Amino acid sequence: EAGVTQSPTHLIKTRGQQATLRCSPISGHTSVYWYQQALGLGLQFLLWYDEGEERNRGNFPPRFSGRQFPNYSSELNVNALELEDSALYLCASSYPSPGELFFGEGSRLTVL
Amino acid sequence: GQQVMQIPQYQHVQEGEDFTTYCNSSTTLSNIQWYKQRPGGHPVFLIQLVKSGEVKKQKRLTFQFGEAKKNSSLHITATQTTDVGTYFCAGPSGGTSYGKLTFGQGTILTVHP
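Residues numbered from 1 in each chain as written. Chains lettered and ligands numbered in written order. Predicted model: local features only at pLDDT ≥ 70, side-chain atom pairs only at ≥ 80, totals over all residues. Heavy atoms only, no water.

Caption draft 1: Structural view of the interface of chain B and chain A. In this assembly, 16 residues from chain B lie in contact with 18 residues from chain A. A combined buried area of about 1,500 Å² lies between chain B and chain A, and 57% of that area is made up of carbon and sulfur atoms. At the junction of chain B with chain A, the criterion picks out zero salt bridges. Inspection of the chain B/chain A interface yields four residue pairs in polar contact (both at pLDDT 80 or more). Mapped onto the side of chain B that touches chain A, the elements with two or more residues apiece are β4 (32-37), β5 (43-49) and β10 (101-103) of chain B. Taken together, the residues that form the side of chain B that touches chain A break down as seven nonpolar, eight polar and one charged. (Contact = heavy atoms within 4.5 Å. Buried area = accessible area lost by both parts, 1.4 Å probe. Salt bridge = Lys/Arg side-chain N within 4 Å of Asp/Glu carboxyl O. Polar contact = N/O pair within 3.5 Å; in protein donor to acceptor, adjacent residues only side chain to side chain. Helix = DSSP H or I, 4+ residues; strand = E, 2+ residues; numbered from the N terminus. Nonpolar A, V, L, I, M, F, W, Y, C, P; charged D, E, K, R; others polar.)

Caption draft 2: Structural view of unusual backbone geometry. Residues A:S7 and A:P8 are joined by a peptide bond in cis, for which omega reads -5°. By the element assignment, A:P8 lies in the loop between β1 (5-7) and β2 (10-13). Geometrically, the link from B:I7 to B:P8 is a cis peptide bond, its omega value of -5° lying close to zero. Positionally, B:P8 belongs in the loop between β1 (4-7) and β2 (10-14). For A:E51, which is not glycine, the phi dihedral falls at a positive 50°. Mapped onto the elements of the fold, A:E51 is located in the loop between β5 (44-50) and β6 (53-57). Although it is not a glycine, B:A78 sits at a positive phi angle of roughly 50°. Summarising the element assignment, B:A78 is placed in the loop between β8 (71-76) and β9 (85-92).

Caption draft 3: Seen up close, the pattern of salt bridges. Residue and element names in this part refer to chain A. Applying the stated criterion across every chain yields a total of six salt bridges over all chains. Here R63 and E82 are joined by a salt bridge, their closest N and O atoms 3.4 Å apart. With a gap of 19 residues between them, R63 in the loop between β6 and β7 (64-68) and E82 in the loop between β8 (74-78) and β9 (87-94) connect regions that are remote in the sequence. The exposure class assigned to R63 is buried, which follows from its relative accessible area of 16%. When its relative accessible area of 32% is taken as the criterion, E82 is described as partly exposed. Across the pair R63 and D85 runs a salt bridge, and its minimum N-O distance is 2.7 Å. One end of the pair, R63, is in the loop between β6 and β7; the other, D85, is in the loop between β8 and β9, with 22 residues separating them in the sequence. (Buried < 20%, exposed > 50% of the residue type's maximum accessible area, 1.4 Å probe, protein only.)

Caption draft 4: Quick peek at the packing of aromatic side chains. As enumerated under the stated definition, the model contains twelve aromatic pairs over all chains in all. For the ring pair A:Y35 and A:F45, a centre distance of 5.7 Å and an interplane angle of 70° mean the geometry is edge-to-face. On the criterion of sequence distance, the pair formed by A:Y35 in strand β4 (residues 31-37) and A:F45 in strand β5 is long-range, its members being ten residues apart. On the accessibility criterion, A:Y35 (0% relative accessible area) is buried. By relative accessible area, which is 6% here, A:F45 ends up buried. Ring geometry for B:Y35 and B:F45: centres 5.6 Å apart, planes at 75°, overall edge-to-face. (Phe/Tyr/Trp six-rings, centres within 6.5 Å; stacked < 30°, edge-to-face > 60°.)

Shown next, in the form of structure tokens:
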């Protein structure tokens with residue numbers, strides 16, 4: 001069974017640009033979570049999607065947005081990139097009731 | 001909002017020594033989860049504790065959930081080099097923050113052979 005897949009693995013952007021990160025959950029999982037892992041700051045909760053709806057949002061500015069598609073895959077968009085957005089962005093999936101999270105390998109975003 | 005704190009932030013041990021990391025939540029938790037992230041890897045689920053005072057063992061790893069369901073610990077007996085990584089605890093937020101899993105900042109374990 002395929003795990004959570006994320007793309008791209010690495011992404012390099014410059015300040016002010018937009019970044020789009022993609023995530024495919026494990027088959028049968030309807031919930032997708034996005035976390036930001038900046039160096040030395042642990043995992044910061046970004047967004048939770050379930051059944052195509054945004055269910056919860058962390059303390060991030062509106063330029064962090066996303067969506068979940070009918071096939072439960074998800075996209076994270078970061079607009080007007082800033083240097084401090086450089087981080088590993090982790091996607092996780094689970095069954096509808098929050099339990100064990102299955103993480104993907106992450107997308108490493110570098111903003112120059 | 002809910003805060004989850006972990007100590008210590010770093011721990012260096014000699015192979016064969018024991019290791020413990022502690023997790024404290026500012027709010028009572030319905031459950032607590034533990035994850036391990038190897039260097040360069042992604043977090044991997046280890047265990048979930050639900051009951052007050054619960055103790056679970058996985059080989060050399062012992063997990064405890066406090067009586068008040070606000071703290072937890074992970075103890076590794078006789079560490080091995082394969083135990084290297086960052087150990088995170090995580091607790092769900094309730095109420096309107098349902099579905100949000102708040103992670104502690106993690107304990108980075110280094111094992112010297």
